[in-house]
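Notes for the structure review
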Amino acid sequence: MADDSDSGFQAGRTALVVRVPEAEPSVGRWRERCDPSARAGVPAHITVLFPFLHEGRIDASVSSALADVLGGHPAFDLRFERCGRLPGVLHLVPEPDTRLRRLTEAIAGRWPEAPPYGGRHAEIVPHLTIAQGQEDAVLEEIEADLAGRLPFTARVSSVALIVHDGTKWQERASFPLGG
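In what follows, the accompanying structure is described. (Residues numbered from 1 in each chain as written. Predicted model: local features only at pLDDT ≥ 70, side-chain atom pairs only at ≥ 80, totals over all residues. Heavy atoms only, no water.)

Each strand in a sheet pairs with another by means of backbone hydrogen bonds, the pair being arranged parallel or else antiparallel. Across the sheet, which stays open at both edges, the four strands sit in the order β2-β1-β7-β8 with antiparallel pairing between neighbours. Two strands lie at the open edges of the sheet, namely β2 (45–49) and β8 (169–176), each paired on one side alone. Pairs of neighbouring strands in the sheet enclose a mean axial angle of 35°, with direction left out of account. Of the strands in this sheet, β1 (14–19), β7 (158–164) and β8 touch helix α3 (residues 60–71), which is tilted by about 55° from β8. (Pairing = 2+ DSSP bridges. Helix = DSSP H or I, 4+ residues; strand = E, 2+ residues; numbered from the N terminus. Axes fitted to C-alpha atoms, helices over the stretch in contact; angles between N-to-C directions. Contact = heavy atoms within 4.5 Å.)

Bringing α3 into the picture now. Between its terminal C-alpha atoms α3 stretches 16 Å, which fits the 16 Å expected from twelve residues at 1.5 Å a residue. Considered for burial, the residues of α3 that qualify are Val62, Ala65, Leu66, Val69 and Leu70. Here the buried residues of α3 occupy an arc of 125° about the axis, which is enough to place them on one side. In α3, the exposed positions that point more than 90 degrees away from the buried face belong to Ala60 and Asp68. Residues of α3 that are buried make contact with β1, α4 (98–110), β7 and β8. (Expected span 1.5 Å × (residues − 1). Buried < 20%, exposed > 50% of the residue type's maximum accessible area, 1.4 Å probe, protein only. Arc of directions from axis to C-beta.)

Remark: helix α1 (residues 24–34) packs on helix α5 (residues 136–147), axes separated minimally by 10 Å, with the N-to-C direction vectors making an angle of 165°. One element, α1, and the other, α5, form an angle in the roughly antiparallel class. For the pair α1 and α5, the sense of crossing is right-handed. Packed against α1, whose contacting residues are Ser26, Val27, Arg29, Trp30, Arg33 and Cys34, the element α5 presents Val138, Glu141, Ile142, Asp145 and Leu146 at the interface. By residue class, the composition of the contact of α1 with α5 is six nonpolar, one polar and four charged. (Parallel < 35°, antiparallel > 145°, perpendicular 65-115°, else oblique. Left-handed = near helix turned anticlockwise from the far one by under 90°. Nonpolar A, V, L, I, M, F, W, Y, C, P; charged D, E, K, R; others polar.)

With that settled, the discussion passes to the sheet that holds strand β6 (residues 152–156). If you walk across this open sheet you meet the four strands as β5-β4-β3-β6, and the pairing is antiparallel. In this open sheet, the two edge strands, each paired with only one partner strand, are β5 (128–132) and β6. Strand-to-strand twist of the sheet, defined as the mean angle between neighbouring strand axes without regard to direction, takes the value 35°. Two strands pair when backbone bridges link them, and strand β3 (residues 76–86) and strand β4 (residues 89–95) are joined in this way by six bridges, in the antiparallel orientation. For arginine 85, the partnering residue across the bridge sits in β4 and is leucine 90.

A few words on the pairing of β5. The buried count for β5 comes to five of five residues, which makes it a mostly enclosed element. Sheet topology places β4 next to β5; four bridges connect them, and they run antiparallel. Of the residues in β5, the one forming a bridge with valine 89 is glutamine 132.

Across all of its chains, the model carries twelve salt bridges by this definition. For arginine 19, the salt bridge goes to glutamate 171, with nearest N and O atoms at 2.8 Å. Here arginine 19, found in strand β1, pairs with glutamate 171, found in strand β8; they are 152 residues apart in sequence, far enough to count as distant. Residue classification places arginine 19 among the partly exposed positions, given a relative accessible area of 35%. Glutamate 171 gets classed as partly exposed once you look at its relative accessible area, which sits at 39%. Aspartate 145 serves as the salt-bridge partner of arginine 149, at 3.0 Å between the closest nitrogen and oxygen. Overlapping salt bridges, with partners in common, bring together Arg29, Asp145 and Arg149 in one network. (Salt bridge = Lys/Arg side-chain N within 4 Å of Asp/Glu carboxyl O.)

Laid out in structure tokens, this is it:
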């Protein structure tokens, strides 16, 4: 959840993410050290939509609608071959990213009151954050380390709804993608 600072971790805040457990061996130690979301309990992931609806708004009808929207999209594979940079963020670039963008667009289209990145950025840039707010020398060290750990492939077959409880992010539900 790039450009998410600790202040963005408010109780009841939710996000929709694609877990990428295949990334943990490569980026886990760096994320734990350099990404506040990792320290707050979020696994290696690509954000589909943050912030989503407040936890108090997520009921059976919202869960059913999420299942319908996400079930209409097929599972797919991603390849991670390189790092990229956004302002203040080092990340892995998922390729191709078209299906990730479509997931975000579909959910934001269904819930226009929850635009991607809270409406702060016009472009959807799928990415797996490794580090935020670090000096360039640290980012260069991370990139050099990752050069020998890439590429890898990940299967995307579900989207998780995670909720911040005031201390940590926890998974509340998982929605499978279509077959």
